[in-house]
Amino acid sequence: RKANNQSLCVRLVWHGRKLILVPGDMEKKALNDILKHQEDISSDVLVVPHHGGATSLHSEFYGRVSPKLAVVSCGAFNHWNMPNVKVRAELRKQEIPLYSTSELGSLRLVWDSPDADPKLLSARPTHRGLETLWRSNWNPIDWKTWVAED
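Residues numbered from 1 in each chain as written. Predicted model: local features only at pLDDT ≥ 70, side-chain atom pairs only at ≥ 80, totals over all residues. Heavy atoms only, no water.

Enquirer: Mind showing me how you'd approach the pairing of strand β4 (residues 69-72) here?
Expert: Each regular strand carries side chains that alternate between the two faces of the sheet. Going residue by residue along β4, you find Leu-69 and Val-71 tucked away on one face and Ala-70 and Val-72 tucked away on the opposite face as well. Pairing of strand β3 (residues 45-47) with β4, which is carried by three bridges, proceeds in the parallel orientation. Looking at the pairing, Val-45 lines up with Leu-69 of β4. This β-α-β element, β3 to helix α2 (residues 59-65) to β4, shows right-handed connectivity. Relative to strand β5 (residues 98-100), β4 is paired through three bridges, and the arrangement is parallel. Bridging across to β5, Val-71 finds its partner in Tyr-99. (Buried < 20%, exposed > 50% of the residue type's maximum accessible area, 1.4 Å probe, protein only. Helix = DSSP H or I, 4+ residues; strand = E, 2+ residues; numbered from the N terminus. Pairing = 2+ DSSP bridges. Right-handed = clockwise from strand over helix to strand, strands pointing away.)

Enquirer: Help me understand the side chain of Asn-84 in this model?
Expert: Secondary-structure assignment places Asn-84 in the loop between β4 and α3 (85-93). Within polar-contact distance, the side chain of Asn-84 engages the backbone nitrogen of Lys-86 at 2.7 Å. Not counting chain neighbours up to four residues away, the residues in contact with Asn-84 comprise Gly-52, Gly-53 and Ala-54. (Polar contact = N/O pair within 3.5 Å; in protein donor to acceptor, adjacent residues only side chain to side chain. Contact = heavy atoms within 4.5 Å.)

Enquirer: I tried to follow the sheet that holds strand β2 (residues 17-22) on my own but got confused; where do I start?
Expert: Strand pairing in a sheet relies on backbone hydrogen bonds, with the paired strands running either antiparallel or parallel. Spatially, the five strands line up as an open sheet ordered β1-β2-β3-β4-β5, and their pairing is mixed. This sheet does not close on itself; its edge strands, each paired only once, are β1 (10-14) and β5. Ignoring which end each strand starts from, the neighbouring axes of this sheet average 20° apart. (Axes fitted to C-alpha atoms, helices over the stretch in contact; angles between N-to-C directions.)

Enquirer: Got a minute to help me understand the pattern of salt bridges in this structure?
Expert: Under the criterion given, the structure shown has eight salt bridges. Among the ionic pairs, Asp-117 bridges to Arg-17, the shortest N-O distance being 3.6 Å. Linking Asp-117 in the loop between β6 (106-110) and β7 (119-124) with Arg-17 in strand β2, this pair joins segments that are 100 residues apart in sequence. The buried category is assigned to Arg-17, whose relative accessible area is 15%. A salt bridge links Lys-29 to Asp-33, with the shortest nitrogen-to-oxygen separation between them at 3.7 Å. Here Lys-29 and its partner Asp-33 are both found in helix α1 (residues 28-37), four residues apart, which amounts to about one turn of the helix. We classify Lys-29 as exposed; its relative accessible area is 55%. (Salt bridge = Lys/Arg side-chain N within 4 Å of Asp/Glu carboxyl O.)

What follows is the structure, encoded as structure tokens:
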């Protein structure tokens with residue numbers, strides 16, 4: 001776990017706009033260090049630390065980032081059941097929409113302009129078993145080119 005807390009934390013900024021914060025596999029200890037040493041960590045999008053695992057659950061961190069949406073990168077049908085149910089609940093409590101690659105496959109986020117909010121423009125299942133899931137839950141006409149509605 002020590003190695004997880006040595007992850008690189010990156011924030012992408014475009015035209016002064018804090019677009020996305022990527023804290024890698026950081027766990028609570030490293031997230032506390034960021035809160036202690038960084039005054040402004042706000043970003044439009046948060047990539048949830050450590051694939052949404054329980055060790056990265058941190059209410060204050062999520063609140064200080066104050067994202068318009070959160071993304072978690074984890075495999076479909078993973079045996080760790082990530083993102084963790086408590087992480088999902090905390091994001092829901094803070095009214096932060098969560099998009100997970102375990103459910104949606106590949107995600108594509110866009111900003112139409114420096115002033116625009118981020119949008120999930122498209123997503124594509126990356127696991128064969130997700131095609132059936134998508135057709136039953138999302139009912140897209142063609143899941144290969146499905147584009148999310150606003």
